[in-house]
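Survey of secondary and tertiary structure
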Amino acid sequence: MNIVVCVKYVPDAQAERTFNASDNTTDRENVDGLLSELDEYAVEEALKLAEAGEGEVTVLTVGPDSAADAIKKALQMGADKGVHVNDAAIHGSDAVATSLVLAEAIKKIGSVDLVITGMASTDGTMGVVPAMLAERLGLPAVTYASELTVDGGVATIRRDGDASTQTITATLPALVSVTDQINEPRYPSFKGIMAAKKKPVDTWSLADLGVDASQVGLDAAWTRVESFAARPPRSQGQIVTDEGDGGQKLAAFLSERKFV
Amino acid sequence: MFELSQDHEDFRKVVRDFAEKEVAPNIAKWDADAYFPTDLVPKMGDLGLFGLVVPEEYGGSAGEGGGDFTSLCVAIEELGRVDQSIGITLSAGVGLGINPILTFGNDEQKERFLPDLVAGRALAGFGLTEPEAGSDARATRTKAVRDGDEWVISGAKAFITNSGTDITSVVTVTARTGTEDDGTAQISAILVPAGTPGFTVEPAYHKLGWHVSDTHGLTFEGCRVPAGNLLGAEGEGFKQFLKTLDDGRIAISALAVGCAQACLELATDYAKTRTAFGRPIGVNQGIAFQIADLAVMVEGARMLTYKAAWLKDELHAGRRSVKEVKHAAAIAKLYSTEAAVTATRIATQVFGGNGFMEEFPVARFYRDAKILEIGEGTSEVQRMLIARGLGLPQA
């Protein structure tokens, strides 16, 4: 089984993230980046499937030079090879353009049985790329999987909702997006780090994929960030002093704000 | 000159991530409960931490382009940066548990014990220290007497790390097995599997620090093990543990670097955010200069440690002498551990009253640091070794 895992290199969510003042895109220079933690679940699930049977895991990312680190981490975890689509024209692309580039890259990789993605990125957190990608590839999309099994050319997922749990099947080839409930991603082992150095990574440009630069980037984006403002500093809390009526004061405070 | 490779730095990132996710959230409770996290050990094994200096045939990664002693020091430093007890669990697990068996064991002994130790399914201890014999190992009183096909061991050992965990599989015990021609004790090392009748693990010590590390006294009363459990040749014990301790000194030095690094980070953050008299306390030179000194200590300790580790790897590759490594190990251990103790004093001082509170990690580092100046040879012993290395006249 050939599995492609789509991963994103994102600014570390633990750090102070911001936007570039020049074009309102995500600042990727001044904040350390890493493989999106939500994508680690996708990598882990692919590795588990590949280890359980015959399979090869290709990790695919779209991003600038630094995004090679996301591929490296996935290769250290155990993926077999990497594809990095890197082209200056991609800067500022929205989800629509990203899904186009990913789709063309997956077509170029060829004979893919399963595409696995995380449920969303930890920076944009839109969660729409998996469905767009499936649509472009003409694949069934089974999303938000908290459990995945593949048997006899059929992928079966469990999707946990608030009111019900669904079991959904799709014939392969298919696209599955996974949640952070599906597994516990492994840490790369020392041997994995050493082995990753010898694994092949292809770097493709838009021209390699036959995608015209006018279809991607900030100018082609369907959405754009018009402005941004820093989060206001947390305002001082209100201290309720208990003078025998603390309970009543608390209840009044909460009901005033419609919490109760 | 030496430098850490990209592989070492990649590995550092992974161990740091592991320590911050698997250790940091739990460590305050583990420390308060003096709880040894048995479940963490196989996870450390999965990362390959116990196999860095072990050849592939036993599940390790050592070899050309693979693991080395320097990468082990990186792992110890990074675990130690989050918690010293976890750092010493690895350091002792490899240096004292695995190393003697790997270095002096025969094929059968290695095949029997190493795969589980490397995978983190088991831990081993090294029973050298006694209530009245530490670095003065000739004073060892524990004895082993040959009786037919068995050794019969009697005596007591003190402060033995990883000796009483639920997964401890074996303890390498040094014992007198006779008298040398010059009248001094002949010392040999013998493998005593956990659970052997006559081998008792005493209740855990109440320690000033390292609460999460497993440390026990051991007693042996008519404890019988097969003659084949002798590690290496009879009478080699003295030489064996001297060699074992040299490696251990560099590892403790790495642990001290982790401690000092943690103090540097914690004190720096605190000095930036804690305000007094209307401004961050880091504005005051009384604070800022101490933290600057702390940064110098960390850098110095790290350089000495990794130089010693590099020399050790070069020795392994046949390019350096034992003497150079011994000297560098003693210098690194002395400087780094004293720097770590000073670092914890500075950090707790920067934290003021909060530094005395257990809810702030600096308090734990303060308690944990002291043993660094004692274990694997006290600072005084290191000075003795360094002086000897300089060719100074000996008493």
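Residues numbered from 1 in each chain as written. Chains lettered and ligands numbered in written order. Predicted model: local features only at pLDDT ≥ 70, side-chain atom pairs only at ≥ 80, totals over all residues. Heavy atoms only, no water.

Looking now at the sheet that holds strand β7 (residues 141-145) of chain A. Residue and element names in this part refer to chain A. Strand order across the open sheet formed by seven strands is β7-β11-β6-β1-β4-β5-β12, with parallel pairing between neighbours. Each edge of the sheet is formed by a strand with only one pairing partner; in this case those strands are β7 and β12 (201-204). With direction set aside, neighbouring strand axes in the sheet form an average angle of 20 degrees. Where strand β1 (residues 2-7) and strand β6 (residues 114-118) come together, four bridges link them in parallel fashion. The residue of β6 that forms the bridge with I3 is L114. (Pairing = 2+ DSSP bridges. Helix = DSSP H or I, 4+ residues; strand = E, 2+ residues; numbered from the N terminus. Axes fitted to C-alpha atoms, helices over the stretch in contact; angles between N-to-C directions.)

Turning next to the side chain of B:S61. One can find B:S61 in the loop between α3 (40-47) and α4 (69-82). Apart from residues no more than four positions distant in its own chain, B:S61 is found in contact with A:F190, A:K191, B:G51, B:L52, B:V54, B:E56, B:G66 and B:G67. (Contact = heavy atoms within 4.5 Å.)

This part takes up helix α1 (residues 37-52) of chain A. Residues and elements named next belong to chain A. Over its 16 residues, α1 runs 23 Å from end to end, which matches the ideal 22 Å to within 8%, given 1.5 Å per residue. Within α1, 12 of the 16 residues are buried, which leaves the element mostly enclosed by the surrounding structure. Residues of α1 that are buried: L38, D39, E40, Y41, A42, V43, E44, E45, A46, L47, L49 and A50. (Expected span 1.5 Å × (residues − 1). Buried < 20%, exposed > 50% of the residue type's maximum accessible area, 1.4 Å probe, protein only.)

Turning to the pattern of salt bridges, a few remarks are in order. A full pass over the atoms with the stated rule returns 39 salt bridges over all chains. Between A:R186 and A:E51 there is a salt bridge; the shortest N-O distance is 2.7 Å. Taken as a pair, A:R186 in the loop between β11 (174-178) and α5 (190-196) and A:E51 in helix α1 lie far apart in primary sequence, 135 residues in all. Judged by relative accessible area, which is 25%, A:R186 ranks as partly exposed. A salt bridge links B:R383 to B:E338; the nearest nitrogen and oxygen atoms lie 3.1 Å apart. Of this pair, B:R383 sits in helix α11 (residues 379-389) while B:E338 sits in helix α9 (residues 322-351), and the two are 45 residues apart along the sequence. Classification of B:E338 by relative accessible area gives partly exposed; the value is 25%. Bridged by salt links that share partners, the residues B:E9, B:R12, B:R16, B:E77, B:E78 and B:R302 form one connected network. (Salt bridge = Lys/Arg side-chain N within 4 Å of Asp/Glu carboxyl O.)

None of this, on its own, says anything about what the molecule does.
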